[in-house]
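Letter by letter, the chains look like this.
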Amino acid sequence: TSDDATLDLMLKHAHLVREIKGSSNSKTIFEGLVKKYPQNVELMKLLAESQLDCGEKVAAEETARHSLRLEPNQPELHNFLGKLKFDEGNLDQAVYHFSQGIALDNQSIGSYLELAKVYQQRRDFHKALETLQQAIQAAPRDPRAYVASANMLREAKDYASAETML
């Protein structure tokens, strides 16, 4: 439809503005688009990212949460909120959101890596390594989980195990 074509053009415009003029300018465009298309969760995700880029953490979190209320099956928004909560030091909420991201998309290696970082920050190395093992099972050809496991084992001074991970 022409409405879809208009939205597509506006999204392309907003992305170009973001690249050329920065997030604050594209944020204004995303805000206008969300007002015009209030049920579009993809627009809300883009608005939340722009808000965060502009240092508006509270607004970004509110936008992301609103989008999840409209459509709960958005693993990337759970990861977004997990990162926000991790940065705030709210590790329980970070675990919740990264775990939700994994539950919705168990092939998202980034979710596993972020969750492992939260467990490592909590000093729960067993859960961190367990999470990295799940990442390895989900994507055995992706080297990031192997490297993260090796680094964690090296930090724990388990050099023999660290060497086998690499």
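Structure: see above.
Values in this document were obtained by computation on a predicted structure and should not be read as measured data. (Residues numbered from 1 in each chain as written. Predicted model: local features only at pLDDT ≥ 70, side-chain atom pairs only at ≥ 80, totals over all residues. Heavy atoms only, no water.)

Student: Looking at this structure, I do not really get helix H3 (residues 41–53). What am I missing?
Tutor: Turn by turn, an α-helix covers 3.6 residues, leaving residues three or four places apart pointing in a common direction. Look at H3: 18 Å from first C-alpha to last across 13 residues, which is about the 18 Å you get at 1.5 Å a residue. Along H3, the residues that are buried comprise Val41, Leu43, Met44, Lys45, Leu46, Leu47, Ala48, Ser50 and Gln51. Elements that come into contact with the buried residues of H3 comprise helix H1 (2–21), helix H2 (23–36), helix H4 (57–70) and helix H5 (75–88). You can read the cap of H3 off the contacts: a side-chain oxygen lies 3.0 Å from the backbone nitrogen of Glu42, and it is on Asn40. Immediately downstream of H3, the backbone of Gly55 shows phi near 85°, a positive value. (Helix = DSSP H or I, 4+ residues; strand = E, 2+ residues; numbered from the N terminus. Expected span 1.5 Å × (residues − 1). Buried < 20%, exposed > 50% of the residue type's maximum accessible area, 1.4 Å probe, protein only. Contact = heavy atoms within 4.5 Å. Polar contact = N/O pair within 3.5 Å; in protein donor to acceptor, adjacent residues only side chain to side chain.)

Student: Any chance you could explain the pattern of salt bridges here in plain terms?
Tutor: Opposite charge on two side chains makes pairing possible when the charged atoms of those side chains draw close. Overall, the coordinates contain nine salt bridges when judged by the stated rule. Its salt-bridge partner being Lys27, residue Glu56 comes within 3.2 Å of it at the nearest N-O pair. On the criterion of sequence distance, the pair formed by Glu56 in the loop between H3 and H4 and Lys27 in helix H2 is long-range, its members being 29 residues apart. On the basis of relative accessible area, Glu56 is assigned to the partly exposed category, the value being 29%. As a salt-bridge pair, Glu61 and Arg65 come within 3.0 Å of each other at their nearest N and O atoms. (Salt bridge = Lys/Arg side-chain N within 4 Å of Asp/Glu carboxyl O.)

Student: Before we go on, may I ask you to explain the side chain of Gln74 in this structure?
Tutor: Within the secondary structure layout, Gln74 lies in the loop between H4 and H5. Side chain to side chain, Gln74 and Ser67 meet in a polar contact 3.0 Å long. Ignoring any residue separated from it by four or fewer positions in sequence, one finds Gln74 in contact with Val41, Ser67, Leu68 and Leu104.

Student: Teacher, can you tell me more about helix H7 (residues 109–121) here?
Tutor: Along its 13 residues, H7 runs 18 Å from first to last C-alpha, staying within 8% of the 18 Å computed at 1.5 Å per residue. Those residues of H7 that fall on the buried side of the exposure criterion are Ile109, Ser111, Tyr112, Leu113, Glu114, Leu115, Ala116, Val118 and Tyr119. Downstream of H7 by one or two residues, Arg123 has phi in the positive range, about 70°.

Student: Would you mind showing me how to read the packing of H1 against H3 here?
Tutor: Helix-helix packing is characterised by the crossing angle of the two axes and by the distance between the axes. Contact pair H1 / H3: the axes reach a minimum separation of 13 Å and the direction vectors enclose 15°. Relative to H3, H1 is oriented roughly parallel. In this structure, H1 meets H3 at a crossing whose hand is left-handed. Every residue of H3 that contacts H1 at Leu7, Leu11, His15 and Arg18 is listed here: Leu43, Leu46, Glu49, Ser50 and Asp53. Residue classes in the contact of H1 with H3 are distributed as four nonpolar, two polar and three charged. (Axes fitted to C-alpha atoms, helices over the stretch in contact; angles between N-to-C directions. Parallel < 35°, antiparallel > 145°, perpendicular 65-115°, else oblique. Left-handed = near helix turned anticlockwise from the far one by under 90°. Nonpolar A, V, L, I, M, F, W, Y, C, P; charged D, E, K, R; others polar.)

Student: Mind showing me how you'd approach unusual backbone geometry here?
Tutor: As a rule of thumb, non-glycine residues mostly have phi less than zero, and peptide bonds are mostly trans rather than cis. Despite not being glycine, Arg123 has its phi angle at roughly 70°, a positive value. Of note, Arg123 is situated in the loop between H7 and helix H8 (125–138).

Student: What is the right way to look at the side chain of His78 in this model?
Tutor: Structurally, the position occupied by His78 is in helix H5. In this structure His78 comes out as buried when scored by relative accessible area, which is 6%. Residue contacts for His78: discarding those within four places in its chain leaves Leu68, Pro72, His97, Phe98, Gln100, Gly101 and Leu104.

Just geometry here; none of it tells us what the structure is for.
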